[in-house]
Structure formats: C-alpha cells, structure tokens
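If you want the building blocks of each chain, they are given just below.
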Amino acid sequence: MKWKAPTLASRYMGAPAIGPDQTIYLGHTFFFLGSVSYVSAFKSDGTKMWSYTLNDILLTPPIVGPDGTIYVSNANDNPGELIAIRPDGTKKWAFAAGDQIRSTPVFGSDGILYAASRDGILHALNPQNGSEIWLYDMEVRGQASLATAPDGTIYAANGTSSLYAIKPNGTRKWTYQAGGIVSSAPAVGPDGTIFAGSADHNLYAILPSGGLKWKFDQGSTLFAPSVAQNGDVYVGSEDSKLNVIRSDGSLKWQFAAGGSVVPPVLAPNGLVYTQSSSNKAIYALNPDGAIQWQYRFVTDNPQPLSVGNDGTLYDVSTNYPDMKNVDTNDMEHTYVMYMYALKVPVKTMTLDQTSLALTEGQTSKLTPSFTPSYASNSTVTWKSSNPNIASVDNKGNVSAHISGTVTVTATSGDGPVAQCKISVTARTVTTTEVSSVVLNKTALFLRTGDSVALMAKVIPDNATNQNVTWVSSNPGAATVNLYGKVTALSPGSTDITVTTQDGNFIARSKVVVTAGTSADSGPFIDIKGHWATPEILRAYELKVASGYPDFTFQPNANITRSEFTVMLMNGLKPAFEGADLTFTDTGQIQDWAAKSVKQAVKLGIISGYPDGSFRPTANITHEEMMSMVVKGLGITLTPGATTDYADDADIPDWAKPAASISGKNNLLGGTTGNNFAPSTLATRAEAVTAIVRMLDIRL
C-alpha cells in the first residue's frame, strides 16, 4: 500500500477517476440523519484538495473530460441532474433530463458528451455549457449503458436483448438482437468490434456493420468486458472466473479466483488487475494468467479499480464503519471508509547495453529492464548529456550526429536510473564516381519564344558529385540556363550540351527553332492556331507535303499508307527508282504512289504485312508511321527496347524499338499525357511533324 485516504462515506460510487494532471476524483455518499453526497479531489499523494457537495444521492461515479471537467449524476425521488464541476471544485453547469441518469456518461471522439436517462432517451450534450444538441428515443423505458467508437458511433444496451448503434448525428445505424438480455455495458475493441455479454451466457462480438463476428458461450452470466490492444477480451462471469477470449472467439485462458462484476483493468505495464469477492483480494496477473501479486482487502461490495499514468492502482473499501466508534463531533475522521493507492515500486533498472559504439548517422535502441519485472510504473524519461553529439527520444532510440562521447541517462518514473556511454566516430566518406550522363530528350523542336526544360540524369544514381554545366553551341538560336531550361530566340539550330563536373561526361540535345507563332498560317486557311502550324509550314517549304486546291491542309484528317509513303520519300528524296513490288495487292497501289512505295521497299522502310499485302488505302497508325520514320533515320532497331511512354504496356513488342527512339527524340507530336497511342490513326499534322523532326535530326 502506497497510502490510504479516509473519506466521510457510507457508500462509494464506482471507481476513482484520474484527471489529466493526475488528480484523483472520488464519489461518495454519507447517510446519517439524511443523505449527502460528495465529489472529492485528492492529490496523487492522497492529500485531500476539496469536496463538492451534492444535495441528492450520487448515481454515477465521476468521469473526467478531456479538458479536466468532472461529470457526475445525482438524484433522489426526482429526475435529478447531470452536473459538470470545474477542476477547482466549482460548478460549471447542470443538465436536467426527463428522468434519472444512472449509467456513466461517455465522450465521443469529437468531444461531445453522451448521457442516457432511465426513460430510454440518449442525450448528446455540449460539454462547454451543457446544452442539448440532440436526443434519441430508444423507445424502451430502461437505463442504457453506453460506449463510443473512434468513428463516433454510440453503442447502447438498455436492459433488453437489443444492442443499439447510433450515428453521431443522432439517427439509428442498426440494432442487433442477442439471444437474451444484454447484461453488460458494451466495449469497443481496437478494430471497432463491439463486445457485450448476454443473459444467454454468450459473449457477442459484433462487427461495426452490425453483423455477428462470433459468439462465445461461457456457461454463466457475463459481466462488463475490457478489450486489450491485441483484441483479447477480458470478462468476469457469474461462476467467479476471469475469462480471456482471443479476437477469433476462442478461449485463451481462465482465472478461477477472479470473476467479480467489475471490469478487469488492463494496466500500462502489461498486467491485468481483477478482484475476487470470495477471496477478498486484488490480483495482478501476467498476460498469460500467472499471478504476479495479490493484495488482501476488506470490503462488502467490490468497486471498480483505476490505474494512474504512473501505474498506481486505486481501490476503495466499502466495509461499513462501526457505529460504536463514531464520534459525532468528528464525523469526517471516525465515520470513514478508505481509498487505497497500491503500487509495486521499481527497485532497480538496467539497460540492455551499458556502452554503445556508433558511426555518425547511425541509430540504435536502448531497452530498459526493471526489478521487480512486474513493477507498476514502466515509464522512463531519457536524456543525453550532449544532444549535438547523440540524441535520444522518449522511447530510447539513440541517433548519432557528430563524433564525440556522451552519456544517455534513463530515469524510472519511481526514481532509479541507468546509464549508457555512447561513443560516436566520424563516418567514412566513400565516393561513387560518375560513369555517364543522359538527357530526357535528344531533340527539341521549338518556335521562337518557347521555353522547355531539359533534364539530365547522372549515372549512376548514387554518384557522389551530381553537378553539371549547360552550354548552347548557338546562343543566337536558343539559350540554356544553369538548370537546363532552353529558350528559343530566333530561327536556326543549336546543340545543347550538358557536361558532368566529375569526369566531364557529356550528352547533347539538338534544338531546332522555327520562325513565327501558332497564329501564322502561310498558304493554308485552316491551320491558324493549330499546334503543328510550324511543322506544316516547314513541310510545305521542304516540299514534303502540299495542301488541297481549296487552300486547306486538313491537318486533322487521317492519312493512308500510300499518302504517308509519298510524304516520307518527298522528305528523304532518294536518288533511285526503287525495287520491284511483289505485294499480293500491288495492283491496288495507285500510280501516283507506286514510285515512292518502290523506293521505300528498297530502303528497307516497308516490308508489308505477314499476309504479303501492302494495303495502300488503309489509314496508317502511330505504330506503323513511327516504325517507318525511325527506319528513315537509318537507325537499326534493337528488339527488347523499352519506352518512357505512359502507355508503354499497350505498345506491341515489334513497335517498341521505334517508339523508344521516337520518345527520346520527340518525334511524335499531338498526343497528350505522354502517351504513344500505338493503334490510333495518324493525322496529316502528325505525319508531317514526324517527318520534319526526323529530317532535322538527319541534317
């Protein structure tokens, strides 16, 4: 026993409540020529601070809100009130329901206070002023026990076989019907599962959706459960057992000496506290059910237990005072019952390492051990003698920063200390040399005034020196800044070169700048504002393509395989007649296209389809067009190539080598989202753009 505090009491109401500042609040009633109730506040050493007097009988134990406000309900032969008391012992507000509130109110995750009255009404209250936000009628007169979930759902059991789930806005979510009266207050597990005991001797596990997860038949009436972070459920039963049920509904173990009606307490140090009415003892159990210690007490009616942040266990004795020894002139000290503070203090503490060698940038963890191992207070504070050299967080994680020596001190919440000497050495610097550099684009086609950023990738990725320099061979045509941003100034071409600082490796991108803006349309009346206007005008100048008699170019019209072959040969201008044609549909090739097709066959640009046909009037696709354009560059296509296009998975294997070169050299225009769109039919604008950009690279 750490201490015991006397209180003027004939009856205690529930467990002591612990405030955020470790103040202990106790509800008690005194019967002597009438009745009067109190809420008393005690310091953590048992010293009484103040008592708040209630004129009626206390109905609920005190609970403490997030802001430290204390809440209790009181009544006699009247509906009574729910009273909010400030931490200094003064009244904050009172709420009068239509009937008595006899179960402990609960808080929602949003801070709303929920209280159920005996007339079957659930009240949602503003904790600041006690005003009612909404009410929900469960349509059955009875006192409901409450629990809340992290998602804001309120669960209520009101003495019937129904378990209610109520939304945070005051509407019903669902109702679950158990096989008997729900005999315990509900409890919510870490995964949202709701647990409640029933008079049919089953513990029910209900899913947040309202369906049955499992039920466990204990064989006797079950009391209020407590749920551990791993999902294990601890629940007392009428046959004087503490039952531990796994999260899958199977029995883990039973403790035959502890089955009181009060819920077991799961302490921060991992112990489980339970009471035995028959043995008149408090038991501290390991998670496997083994007894660590027991404390005998004298009581007529076991009350719930409470545990403070420092592991102290609080209990109250309800052994009524002997009236023969009461001094009516000193009632407060002779007509008393006691609140007990129980604690197993830490005698010694050790760390798993007393010395530790780290290199700058390394981390390690220190783990404390206590004697006795079942000490109540497992809290530890950590401190480094020089956090600049090595720091330690509140969980014992050490981080080395600069070379030197420090001492990390761990202090138990009960006083014992342990230390670890940390030696930090300088980190050995390793250098990874640059092997090459590549650019995301090896060609750019810009109009005057345009700006595009080139991106250089230094290889390998973990090279120590990632610095590069940028140079334009013709700053009059286009300039490049320190970060690779290219700005087109006047028509012409230039090479943008990036050079690594380590090793002087280089990569180049050819930049072609054309005159004018998208507003220029030249000889055509339908290309003003079109994205490919510069390329169309350049194709016209190079006699790659011409328009139609009505002065249109029809940039968005599709183009046949014959038409594209003619455009491509107009650009390449081969000085030979070409090869004889052996396609199965040679007779269908138009006279105006025959020479160009023969030239393309001799150049190895066209080979036809697997069935031997050329299909001159079929519209050409992106994948077919780019295969011909890249072959026109004279580049040998390598099987197994990959691309950077967003739709790479849609590109067939045979087309990927050409698509890869197209992407690196920015040959395909007109698509969005970095897509190749392999099977999409090419337009006349896309066709001349690909040819012109290819010719600029060849030049």
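Residues numbered from 1 in each chain as written. Predicted model: local features only at pLDDT ≥ 70, side-chain atom pairs only at ≥ 80, totals over all residues. Heavy atoms only, no water.

- The name given to the protein in an unreviewed UniProt entry is PQQ-binding-like beta-propeller repeat protein, and the organism recorded there is Paenibacillus foliorum.

1. Thoughts on the UniProt feature "domain: Ig-like" (unreviewed entry) in the protein
Here is step 1: Under the present numbering, the feature "domain: Ig-like" (unreviewed entry) in UniProt falls on residues 345–430.
Here is step 2: Secondary structure across residues 345–430 comprises 0% helix and 53% strand; the distance between its end C-alpha atoms is 50 Å. (UniProt positions renumbered as here; feature names shortened; annotations may be inferred. Helix = DSSP H or I, 4+ residues; strand = E, 2+ residues; numbered from the N terminus.)

2. Re the side chain of T565
Here is step 1: Within the secondary structure, T565 is located in helix α3 (residues 561–572).
Here is step 2: Here T565 falls in the buried class, since its relative accessible area comes to 1%.
Here is step 3: Side-chain polar atoms of T565 contact the backbone oxygen of R561, separated by 2.7 Å.
Here is step 4: In contact with T565, other than residues within four places in its own chain, are S596, V597, A600, I606, F614 and M628. (Buried < 20%, exposed > 50% of the residue type's maximum accessible area, 1.4 Å probe, protein only. Polar contact = N/O pair within 3.5 Å; in protein donor to acceptor, adjacent residues only side chain to side chain. Contact = heavy atoms within 4.5 Å.)

3. Focus on the layout of surface pockets
Here is step 1: Considered as a void within the structure, the second largest pocket measures approximately 540 Å³ in volume.
Here is step 2: N666, L668, G669, G670 and R693 are the residues nearest the centre of the second largest pocket, which is lined by 30 residues in total.
Here is step 3: Those elements that place two or more of their residues in the lining of the second largest pocket are β45 (443–447), β52 (506–514), α2 (533–541), α6 (656–665) and α7 (684–698).
Here is step 4: With four residues, β45 is the single largest residue contributor to the lining of the second largest pocket.
Here is step 5: Considered class by class, the residues forming the lining of the second largest pocket number 11 nonpolar, 12 polar and seven charged. (1 Å grid on protein atoms, 1.4 Å probe; cavity = no way out; pocket = protein on both sides within 12 Å on 5 of 7 lines; lining within 4 Å. Points joined across faces, edges and corners; volume = space filled by probe spheres on them. Nonpolar A, V, L, I, M, F, W, Y, C, P; charged D, E, K, R; others polar.)

4. Considering the packing of aromatic side chains
Here is step 1: Overall, the coordinates contain 16 aromatic pairs when judged by the stated rule.
Here is step 2: Relative to W93, the ring of Y71 has its centre 5.8 Å away and its plane inclined at 50°; by these criteria the two rings are tilted. Residue Y71 is located in strand β9 (residues 70–75), and its partner W93 is located in strand β11 (residues 91–95); the two are separated by 22 residues in the primary sequence.
Here is step 3: Note on W93: relative accessible area 6%, which makes it buried.
Here is step 4: In textbook terms, an aromatic cluster arises when at least three aromatic residues are bridged by ring pairs, as seen for Y71, W93 and F107.
Here is step 5: Lying across the ring of Y338, K4 places its NZ or CZ 4.3 Å from the centre.
Here is step 6: Across from the ring centre of F576, 5.0 Å away, lies the NZ or CZ of K602, which sits over that ring. (Phe/Tyr/Trp six-rings, centres within 6.5 Å; stacked < 30°, edge-to-face > 60°. Lys NZ or Arg CZ within 6 Å of the ring centre and 35° of its normal.)

5. Focus on the sheet that holds strand β15 (residues 132–137)
Here is step 1: If you trace the four strands from one edge of the open sheet to the other, you get β12-β13-β14-β15, paired in antiparallel fashion. Where the open sheet ends on each side, the last strands, each with one partner, are β12 (106–107) and β15.
Here is step 2: With four bridges joining them, strand β13 (residues 113–116) and strand β14 (residues 121–125) adopt antiparallel strand pairing. The residue of β14 that forms the bridge with A116 is L122. (Pairing = 2+ DSSP bridges.)

6. Some points on α7
Here is step 1: Relative to the 21 Å expected for 15 residues at 1.5 Å per residue, α7 spans 21 Å between its end C-alpha atoms, a close match to the ideal helical length.
Here is step 2: With 13 of 15 residues buried, α7 lies mostly within the body of the structure. (Expected span 1.5 Å × (residues − 1).)

7. Structural notes on the UniProt feature "domain: SLH" (unreviewed entry) in the protein
Here is step 1: Taking the UniProt record as the reference, the feature "domain: SLH" (unreviewed entry) is found at residues 519–579, 580–643 and 645–699.
Here is step 2: Spanning residues 580–643, this segment combines 36% helix with 0% strand, and its end C-alpha atoms are found 35 Å apart.

8. Description of empty space enclosed by the protein
Here is step 1: Considering all chains together, one arrives at one cavity of 30 Å³ or more under this definition.
Here is step 2: Counted as a void, the largest cavity has a volume near 50 Å³.
Here is step 3: Lining the largest cavity, in full, are L163, Y176, A178, V182, A196, G197, S198, Y204 and I206.
Here is step 4: Listing elements by their share of the lining of the largest cavity, those giving two or more residues are β21 (194–197) and β22 (202–206).
Here is step 5: Among the residues forming the lining of the largest cavity, the class breakdown is seven nonpolar, two polar and no charged.

9. Examining the nonpolar core
Here is step 1: If you look at the biggest cluster of nonpolar residues, it comprises 51 residues, and the most contacted ones within it are F564, L568 and M625.
Here is step 2: At the level of secondary structure, the elements contributing two or more residues to this core comprise α2, α3, α4 (591–602), α5 (622–632), α6 and α7.
Here is step 3: The element best represented in this core is α7, accounting for eight residues.
Here is step 4: The next biggest cluster of nonpolar side chains, apart from the first, holds 22 residues, and it includes L351, I389, V406 and V424. (Core = buried A, V, L, I, M, F, W, Y, C linked by side-chain atoms within 4.5 Å.)

10. A closer look at the sheet that holds strand β28 (residues 265–266)
Here is step 1: As summarised here, the arrangement of the four strands in space is β28-β29-β30-β31, forming an open sheet in which the pairing is antiparallel. The strands lining the two open edges of the sheet, one partner per strand, are β28 and β31 (291–296).
Here is step 2: Judged from the five bridges that link them, strand β30 (residues 281–285) and β31 form a sheet pairing that is antiparallel. Among the inter-strand pairings, I282 is bridged to a residue of β31, identified as Y295.

11. What about the pairing of β15?
Here is step 1: Judged from the five bridges that link them, β14 and β15 form a sheet pairing that is antiparallel. Note on β15: the bridge partner recorded for A124 is W134.
Here is step 2: The turn joining β14 and β15, which pair antiparallel and follow one another in sequence, is formed by six residues; a positive phi near 80° is taken by G130.

12. Structural notes on the pairing of strand β25 (residues 233–237)
Here is step 1: Most of β25 sits inside the fold, with five of its five residues counted as buried.
Here is step 2: Alternating positions in β25 separate into two faces, V233, V235 and S237 on one and Y234 and G236 on the other, with burial throughout.
Here is step 3: Counting the residues that bridge the hairpin from strand β24 (residues 222–227) to β25 gives five residues, and of these G231 lies at a positive phi of roughly 95°.
Here is step 4: In terms of strand pairing, β25 meets strand β26 (residues 241–245) through five bridges, oriented antiparallel. Pairing of V235 across the sheet is with N243, part of β26.
Here is step 5: Between β25 and β26, which pair antiparallel and follow one another directly, the connecting turn spans three residues, one of which, S240, has a positive phi of 65°.

13. Quick look at unusual backbone geometry
Here is step 1: Residue P372 follows T371 across a cis peptide bond; omega there is 0°.
Here is step 2: The topology assignment puts P372 in the loop between β38 (368–371) and β39 (380–384).
Here is step 3: Here the bond from I459 into P460 is cis, since omega is 0°, no more than 30 degrees from zero.
Here is step 4: Mapped onto the secondary structure, P460 falls in the loop between β47 (456–459) and β48 (468–472).
Here is step 5: Notably, S240 is not glycine yet its phi reads approximately 65°, a positive angle.
Here is step 6: You can see S240 is positioned in the loop between β25 and β26.
Here is step 7: Judged by its relative accessible area of 34%, S240 falls in the partly exposed class.
Here is step 8: In this structure, N504 is a non-glycine residue whose phi angle is positive, near 55°.
Here is step 9: In this structure, N504 sits in the loop between β51 (492–500) and β52.
Here is step 10: Taking relative accessible area as the criterion, N504 reaches 56% and is therefore assigned exposed.

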